[in-house]
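Residues per chain are reported as follows:
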Amino acid sequence: MSADPSFTSPLAREGSRLKVVLCWHMHQPQYQDLASGQYQLPWSYLHAIKDYVDMAYHLETIPGARAVVNFAPILLEQISDYTAQIEAYLTRNDPLRDPLLAALVSSDGPTDPHEYAALVKACLRINKERFVNRFPPYHRLANIADTLAENSDTIVYLSQQYLADIVTWYHLAWVGESAQREDPRIAWLIQKGMGYTLQDRHKLLAVIGELLGSVIGRYRRLAEAGRIELSMTPYAHPILPLLIDLGSALEAMPSAPMPQHTSYPGGLERARWHIREGRAVFRRHFGFDTQGCWPAEGGISAAALRLLADEGYLWAASGETVLGNSLAGTREFERQNGKQWLYRPYLAPSTLLSCFFRDDGLSDLIGFTYATWHSDDAVNNLIYHLVNIADACKDQPDSIVSIIMDGENAWEYYPANGYYFLSALYKKLAEHPQLELTTFSSYLEQRRPAATPPRLTKLVAGSWVYGTFSTWIGSADKNHGWEMLGEAKRAFDRAVAEGRLSGEQLAAAERQLGLCEGSDWFWWFGDYNPAAAVSDFERLFRLHLSNLYRMLELTPPSKLAAAVSHGAGEPALGGVMRKAQQ
């Protein structure tokens, strides 16, 4: 249902505007093989030049726009590394350490038929409807590739120019809509359409380097101007509650199968390491500390929130179902007809840390529904829901709605990478007389002195996905991954106890262990996920574990030569995003 976005409910009162927080989570795992320096997948730099650049543009150009932007520290490191390696290539001709970037500026593409076909296939890993079909020259190249896939023997007829053009178009399609509109060099390359020379491709690489190099500074300036709040996730995006206590998974799913070992060795200290290392990386890139934390996947437990509070954080956030599970049976929860209980922060048990909770329905409308709507209809519909919430919360004047979601993967399903939707979203929310865009820290600073958040008397551990940790533990493949990780951690602990690691060697091994502890590998384990994605991520998991063993001067176990999981599913949006509730 749509509504006039300027409509103000008759229940609206002066000074009682509903607070609304848009929180965008920017995250990619470590795709770099730290042993060789080579990147295994290109998603960090591709999302940076498309989604991170575009989001910054909208926040810069719409005066009333406000948001919380959350970065995973391991992503910040990759953005900086890509910026440095492109600059080194352009100034000193140092080799590029990402195969796809290197292919963009290669004077001679692969001649081996299998390598040629693999590169062509890599240049089609993008939403076909929104990004390939939009550009007729790219569409023609993709049609040729489809013919190649059906008749592999025809590859001998394809030229190096075809390869140069499809690699160029792949990168042009990934360049953010704002840069396509604002940068004349990109506009010229798009207009040219075909026959790209090596000089053209170097020009495109230079633009990519500039876009990457601008990302961190643009968000820093927005934060310094008070336009956004920057927050972070612990270093390598681990599920903190599971590191601290694997048994926390049983709080929301008591009958779930569990790994053979009942705990992750030294998990509390590892969780603390990720928080402190993440904070150091954040400070190094932005020049200041953050007050807030979106724990990986909104995964929280009482112990995890205590740890965040001990480390100085003022707020964290999670999913609606976690709060529902935690409030179930309480008088306030049972007596309310609506969801007013969702639209307020809560103090975590035994701490002064405020915890906000995501409106799953509104967040999933942006993630899964509005992409096929006209942007004005979509935004009007969202405002309609928000005004209804404002009316329902009229007797709760400090109400706040938290819309928290992936800041990168949804937009490729929208026309023009979400350009029209995001422009309308920020503009209409900023201008609406009954709604106020804000940030979590601003809300806490400006709330009424008497409006101390209620305290949760219990917290059922879980994440924003279904309110459980089932996406990361509790099935055969996921549990096997935890067993492999636990075995590697025990090998690490033995090496430290025996004095085989110290100084820089110990720091490097700790960092490598951190990569293995990230949540992304476990997200993708499971036959319900697409085969190609499962293969990519389980291979990376095994690579990172193998590198850890070699750092410990140990031979990797033979089991690391075999796949952890195989995919065969076709989930919505390729599995990169999930709805919060089943």
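Residues numbered from 1 in each chain as written. Predicted model: local features only at pLDDT ≥ 70, side-chain atom pairs only at ≥ 80, totals over all residues. Heavy atoms only, no water.

## What to know about the pattern of salt bridges
The condition is simple: Criterion for a salt bridge: a side-chain nitrogen of Lys or Arg within 4 Å of a carboxyl oxygen of Asp or Glu. Each helix is a run of H or I in the DSSP string that is no shorter than four residues. Each strand is a run of E no shorter than two, and both are numbered from the N terminus. The classification of residues rests on relative accessible area computed with a 1.4 Å probe and restricted to protein chains. Under 20% of the type maximum is buried, over 50% is exposed, and intermediate values are partly exposed.
Inspection of the entire model under this criterion finds 31 salt bridges. A salt bridge links Arg270 to Glu517, with the nearest nitrogen and oxygen atoms 3.0 Å apart. Taken together, the positions of Arg270 in helix α12 (residues 267-286) and Glu517 in the loop between α21 (503-516) and α22 (520-524) put the pair 247 residues apart, joining distant regions of the chain. Here Arg270 and Glu517 have matching classes, each one buried. Each of Glu77, Glu277, Arg284 and Arg511 takes part in one network of salt bridges that share partners.

## Observations concerning the nonpolar core
Just so we agree on the cut-off: Buried Ala, Val, Leu, Ile, Met, Phe, Trp, Tyr and Cys residues that are joined via side-chain atoms within 4.5 Å together make up what is termed a nonpolar core. Residue contacts follow a heavy-atom distance rule, with two residues in contact if any of their heavy atoms lie within 4.5 Å.
Residues Trp24, Leu59, Tyr219, Leu386, Phe421 and Tyr426 are the most contacted members of the largest nonpolar core, which totals 187 residues. When residues in this core are grouped by element, the largest group, 11 residues, is from helix α10 (residues 198-224). Ignoring sequence-local partners within four residues, the contact set of Tyr219 consists of Met26, Tyr52, Met55, Ala56, Leu59, Val69, Phe71, Ile228, Leu230 and Phe286. Core analysis: the next-biggest nonpolar cluster, separate from the first, contains six residues, Ile74, Ala236, Val281 and Leu515 among them.

## What about the packing of aromatic side chains?
We apply this condition: We call Phe, Tyr and Trp rings a pair once their centres come within 6.5 Å, taking the six-membered ring for Trp, and we label the pair stacked below 30 degrees between planes, edge-to-face above 60, and tilted otherwise. Charges are assigned to positions over rings by a cutoff of 6 Å between ring centre and Lys NZ or Arg CZ, combined with an angular limit of 35 degrees from the ring normal.
Per the counting criterion, the structure on display carries 36 aromatic pairs. Judged by centre distance (5.5 Å) and plane angle (85°), the ring pair of Tyr419 and Tyr420 falls under edge-to-face. Owing to a relative accessible area of 14%, Tyr419 belongs among the buried residues under this scheme. Taken together, the ring pairs in this structure connect Trp24, Tyr370, Trp373, Trp411, Tyr414 and Phe421 into an aromatic cluster. The aromatic ring of Trp188 is capped on one face by Lys203, whose charged end is 4.6 Å from the ring centroid.

## So, the layout of surface pockets
What counts here: Method remark: on a 1 Å grid restricted to protein atoms, a set of points is classed as a cavity if a 1.4 Å probe fits but cannot get out and as a pocket if it is open with protein on both sides within 12 Å along at least five of seven lines; lining residues have an atom within 4 Å of a point. Grid points are joined across faces, edges and corners, and a volume is the space filled by probe spheres set on the points.
What the second largest pocket holds in volume is close to 340 Å³. What lines the second largest pocket is a set of 18 residues, among which Ile228, Glu229, Thr439, Ser441 and Ser442 lie closest to the centre. Those elements giving two or more residues to the lining of the second largest pocket turn out to be β3 (228-232), β9 (435-437) and α19 (440-446). The element contributing the most residues to the lining of the second largest pocket is α19, with four residues.

## Section: empty space enclosed by the protein
Note the threshold: Residues are sorted three ways: Asp, Glu, Lys and Arg are charged, Ala, Val, Leu, Ile, Met, Phe, Trp, Tyr, Cys and Pro are nonpolar, and all the rest, Gly among them, are polar.
For the coordinates displayed, the defined rule picks out two cavities of 30 Å³ or more. Roughly 30 Å³ of internal volume is contained in the second largest cavity. Lining of the second largest cavity is provided by Met484, Glu487, Leu545, Tyr549, Pro557, Lys559 and Leu560. Breaking the lining of the second largest cavity down by element, the ones donating at least two residues are α20 (476-497) and α23 (531-551). Partitioned by chemical class, the residues of the lining of the second largest cavity number five nonpolar, no polar and two charged.

## A look at unusual backbone geometry
Located in the positive-phi region is Asn93, a residue other than glycine, with phi close to 60°. Topologically, Asn93 is positioned in the loop between α2 (73-92) and α3 (99-104). For Asn93, a relative accessible area of 56% puts it in the exposed group. Its identity is not glycine, yet Asn417 carries a phi of approximately 55°, on the positive side. Looking at the element boundaries, Asn417 is found in the loop between β8 (400-406) and α18 (419-431). Take Asn417: its relative accessible area is 2%, and that puts it in the buried class.

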